Amino acid sequence: MLKKITLTVTALSITVFYFYYNPAISHFGPPCLVHKTTSLYCWGCGGQRALHALLHGHWRQAFRFNLLIFLVIPILTIVFVSEIFDIPRLRRLLWHRYIVTFVGIVVIVFTIVRNLKGFEFLIPD
């Protein structure tokens, strides 16, 4: 029961925080070490801004900041639902080797492609 309460409070806290906190205006936390050291964009660059935009219903802006937010949010929702409602079958499905491999490949390909010439639209504004 404590685990469910902790997960719920954490999810709500993060959601409320990013609803009111605009990462495009003020910076919270350390800068991206990958981008700072290599000038390349990692898979998470623009993710905070994308989450803020998505919480305000700005789908196109969220897409411009980080396309992977549309993969991460559903996965996190499935994890949250499987933990809160204790659905082991859903948990096993999510951690199936094909799903994990697919997500890993998507993240790696996205990271490489967003740093190639011709794909500047994947770089966070």
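Just so you know, these numbers come straight off a predicted model, no measurement behind them.

Novice: Give a description of unusual backbone geometry that names residues and reports values.
Specialist: At S39, a residue that is not glycine, the phi angle is positive and equals roughly 65 degrees. By the element assignment, S39 lies in the loop between helix 2 (33-38) and helix 3 (47-55). The exposure class of S39 is exposed, given its relative accessible area of 54%. Although it is not a glycine, D86 sits at a positive phi angle of roughly 50 degrees. Mapping D86 onto the fold places it in the loop between helix 5 (69-84) and helix 6 (88-94).

Novice: Can you break down the packing of helix 1 (residues 2-20) against helix 3 residue by residue, with the values?
Specialist: Packed helices, taken two at a time, are described by the angle between their axes plus the distance between the axes. For the pair helix 1 and helix 3, interaxial distance at closest approach is 8 Å and the crossing angle is 90 degrees. When the interaxial angle is binned, helix 1 and helix 3 end up roughly perpendicular. Together, T15, Y18 and F19 of helix 1 and Q48, L51, H52 and L55 of helix 3 make up the contact between the two elements. Residue composition of the contact of helix 1 with helix 3, grouped by class: 4 nonpolar, 3 polar and no charged.

Novice: Pulling in residues and values, what's your account of the environment of V106?
Specialist: Mapping V106 onto the fold places it in helix 7 (residues 97-113). A C-alpha to C-alpha distance of 9.4 Å links V106 and L71, two positions 35 residues apart in sequence. With residues near it in sequence (within four places) discarded, V106 still touches L68 and L71.

Novice: Mind laying out the packing of aromatic side chains, listing which residues take part and the relevant values?
Specialist: For the structure on display, the rule yields 6 aromatic pairs. Measuring from ring centre to ring centre gives 5.0 Å for F19 and Y20, while their planes differ by 85 degrees; the resulting arrangement is edge-to-face. By relative accessible area, F19 is classed as partly exposed at 31%. When the ring of W59 is compared with that of F70, the centres are 5.9 Å apart and the planes differ by 20 degrees; the resulting orientation is stacked. One end of the pair, W59, is in helix 4 (residues 59-65); the other, F70, is in helix 5, with 11 residues separating them in the sequence. An aromatic cluster of three or more residues is present, and its members are F17, Y18 and Y21. The ring of Y98 is capped by R97, whose NZ or CZ atom sits 5.2 Å from the centre of that ring.

Analysis parameters
Residues numbered from 1 in each chain as written. Predicted model: local features only at pLDDT ≥ 70, side-chain atom pairs only at ≥ 80, totals over all residues. Heavy atoms only, no water. Helix = DSSP H or I, 4+ residues; strand = E, 2+ residues; numbered from the N terminus. Buried < 20%, exposed > 50% of the residue type's maximum accessible area, 1.4 Å probe, protein only. Axes fitted to C-alpha atoms, helices over the stretch in contact; angles between N-to-C directions. Parallel < 35°, antiparallel > 145°, perpendicular 65-115°, else oblique. Contact = heavy atoms within 4.5 Å. Nonpolar A, V, L, I, M, F, W, Y, C, P; charged D, E, K, R; others polar. Phe/Tyr/Trp six-rings, centres within 6.5 Å; stacked < 30°, edge-to-face > 60°. Lys NZ or Arg CZ within 6 Å of the ring centre and 35° of its normal.

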